[in-house]
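# Fold and geometry: a report
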Amino acid sequence: CVKGQVVLITGGEGELGRELGLEFAQLGCNVAIFYNNKREFAESCIFIRELQKIGIKAFAYQVNISNCEEVLKLKNQIEKDVGCVDIVLNNAAILFTRRIDDESPTTIEYAMQVNVLSLFWVSTICFKGIYRTNYFFFFLLRQQIHFWNQ
């Protein structure tokens, strides 16, 4: 049973993130979502209000998860707002839409920061919950890299 636990969803403003947030809220979980940029702010606020109507705690945080300092700055605020994180649904990812050899080195480096390094940064905000409960769930969603042969 997950009722009363805290779920953190990265990429929470997207379609899959919203569906997962709604599902966990209906199961009685408190929900924190990470979104990346200001244009997603209005959508995130509407979504958070929908979740709060269910009767759970829900908050959205704008953060670049590839930036360790930005993620760590949110740790105390998340614990204050919704509690210690028990479950992470990592839905944020950079997906290549072109052949890998057509991508710039900057794009590839950013994809590695978001798709790999951010997993470590996000998991560090969950250690207090791990120590409290002796368990932790971390799910990777949409983490894919495509290579094409032509």
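See the structure printed just above.
Position numbers for residues start from 1 in each chain and track the written sequence from start to end. Whole-chain, interface and lining totals are the exception, using all residues; otherwise, since this is a predicted model, local features are given only for residues with pLDDT of at least 70 and side-chain atom pairs are given and counted only at 80 or more. Neither water nor hydrogens contribute to the side-chain values; these are computed over all heavy atoms in the structure.

### Notes on the overall build of the protein chain
- In terms of helices and strands, the protein chain carries 5 helices and 5 strands.
- Going residue by residue from the N terminus, the α and β elements of the protein chain occur as β-α-β-α-β-α-β-α-α-β.
- Exposure is judged per residue with a 1.4 Å probe applied to protein chains only, and the accessible area is read against the type maximum: over 50% gives exposed, under 20% gives buried, and values in between give partly exposed. Here the protein chain holds 150 residues, and 43% of them are scored as buried.
- Throughout, a residue-residue contact means that at least one pair of heavy atoms, one from each residue, lies within 4.5 Å. Restricting the contact set of the protein chain to residue pairs at least 6 apart, pairs at least 24 apart contribute 73%.
- Shrake-Rupley sampling with a 1.4 Å probe provides the accessible areas, and residues are treated as covered by the protein chains on show and by no other component. As displayed, the protein chain has an accessible area near 8,500 Å², and 56% of this comes from carbon and sulfur atoms. Secondary structure elements follow DSSP: runs of H or I of four or more residues count as helices, runs of E of two or more count as strands, with numbering from the N terminus.

### So, the side chain of Thr10
- Position of Thr10 among the secondary structure elements: in strand β1 (residues 6-10).
- Polar contacts, as used here, are pairs of N or O atoms within 3.5 Å; protein pairs need one atom able to donate a hydrogen and one able to accept it. Residues neighboring in sequence count only if both atoms are side-chain atoms. Only 2.9 Å separates the side chain of Thr10 from the backbone nitrogen of Asn91, close enough to count as a polar contact.
- There is a polar contact of 3.1 Å between the side chain of Thr10 and the backbone nitrogen of Ala92.
- Thr10 has contacts with Phe34, Ile65, Leu89, Asn90, Asn91, Ala92 and Val122, leaving out every residue within four places of it along the chain.

### Points about the pattern of salt bridges
- The term salt bridge refers to a pairing of a side-chain nitrogen on Lys or Arg with a carboxyl oxygen on Asp or Glu at a separation within 4 Å. Applying the stated criterion across every chain, the model contains 5 salt bridges.
- Close ionic contact of Glu79 with Lys75 constitutes a salt bridge, the shortest N to O distance being 2.9 Å. Of this pair, Glu79 and Lys75 both sit in helix α3 (residues 68-81), 4 residues apart, roughly one helical turn.
- A single salt-bridge network, built from bridges that share partners, covers Arg99, Asp101 and Asp102.

### Description of the packing of aromatic side chains
- Each pair of aromatic rings taken from Phe, Tyr and Trp, with Trp reduced to its six-membered ring, is defined by centres within 6.5 Å and is described as stacked if the planes are under 30 degrees apart, edge-to-face if over 60, and tilted in the remaining cases. Under the criterion given, the structure shown has 2 aromatic pairs.
- A centroid spacing of 6.3 Å and a plane angle of 85° characterise the contact between Phe34 and Tyr61, whose relative ring orientation is edge-to-face. Highlighted residues: Phe34 in strand β2 (residues 30-35) and Tyr61 in strand β3 (residues 58-62), separated in sequence by 27 residues. Judged on exposure class, the residue Phe34 and its partner Tyr61 are both buried.

### Observations concerning the environment of Trp121
- Here Trp121 lies in helix α4 (residues 105-124).
- In this structure the C-alpha to C-alpha distance between Trp121 and Asn67, which are 54 residues apart in sequence, comes to 7.8 Å.
- In this structure Trp121 touches Ile65, Ser66, Asn67, Cys68, Val71 and Leu72, once residues within four positions along its chain are discounted.

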